[in-house]
Amino acid sequence: MKISKEDPRLAAYALGEIDNPEERAEIEQAVAADPELQAEVESIRSMGDLLAGGLGKEAAPEFSEFEKANM
């Protein structure tokens, strides 16, 4: 299986979102065989960790009853 860095399945794989075991195994093989894909997966995982850490520190917005009713 040949996949490119732009393939959205690569990001899904890097973030642990591939549920299909066959598809996950195919992507794992492609990544294992290509240093460029390995670097891309690591980059995606690093960005995911950075975003999760930053967003986890953000306070959830609080809305007034009026604002809730307008939504």
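Fair warning: this is a prediction, and the values are worked out from it, not measured in the lab.

Caption draft 1: Structural detail: the nonpolar core. Ranked by size, the top nonpolar core spans 12 residues in total: Ile3, Leu10, Ala12, Tyr13, Ala14, Ile18, Ile27, Ala30, Val31, Leu37, Val41 and Ile44. For this core, the element with the most residues is helix H1 (residues 8–14), which contributes 4 residues.

Caption draft 2: Representation of a nonpolar patch on the surface in the model. A contiguous nonpolar patch, built from Met47, Leu50, Leu51 and Leu55 and spanning about 440 Å² of accessible area, is present on the exposed surface. Assessed through its relative accessible area of 60%, Leu55 is described here as exposed.

Caption draft 3: Fine view of the environment of Gln38. The residue Gln38 is located in helix H3 (residues 35–57) in this model. Judged by its relative accessible area of 37%, Gln38 falls in the partly exposed class. As a C-alpha pair, Gln38 and Glu28 span 10 residues in sequence and 9.5 Å in three-dimensional space. In this structure Gln38 touches Val31, Ala32 and Ala33, once residues within four positions along its chain are discounted.

Caption draft 4: Inspection of the pattern of salt bridges at higher detail. Overall, the coordinates contain 4 salt bridges when judged by the stated rule. A salt bridge links Asp7 to Arg9; the nearest nitrogen and oxygen atoms lie 2.7 Å apart.

About the thresholds
Counting from 1, residues in each chain are numbered in the order their sequence is written. Only residues with pLDDT of 70 or above have their local features reported here, since the model is predicted, and side-chain atom pairs are shown and tallied only from 80 upward, although totals for entire chains, interfaces and linings are computed over all residues. Only heavy atoms go into the side-chain values, all of them from the structure, while hydrogens and water stay out. Put simply, a nonpolar core is a bunch of buried Ala, Val, Leu, Ile, Met, Phe, Trp, Tyr and Cys residues held in one set by side-chain atoms that sit within 4.5 Å of each other. In this scheme, a residue with accessible area under 20% of its type's maximum is buried, one over 50% is exposed, and one in between is partly exposed, where area comes from a 1.4 Å probe on protein chains only. Starting at the N terminus, helices and strands are each numbered in turn, a helix being any DSSP run of H or I of at least four residues and a strand any DSSP run of E of at least two. Each patch is built from salt-bridge-free residues with over 30% relative accessible area, joining like charges within 9 Å and nonpolar side chains (Val, Leu, Ile, Met, Phe, Trp, Tyr) within 5 Å. Here the Shrake-Rupley method, with its probe set to 1.4 Å, supplies the accessible areas, and only the displayed protein chains count as covering residues. Salt bridge, as used here, is a side-chain nitrogen of Lys or Arg placed within 4 Å of a carboxyl oxygen of Asp or Glu. Only heavy atoms enter the contact rule, under which two residues are in contact if any of them lie within 4.5 Å.

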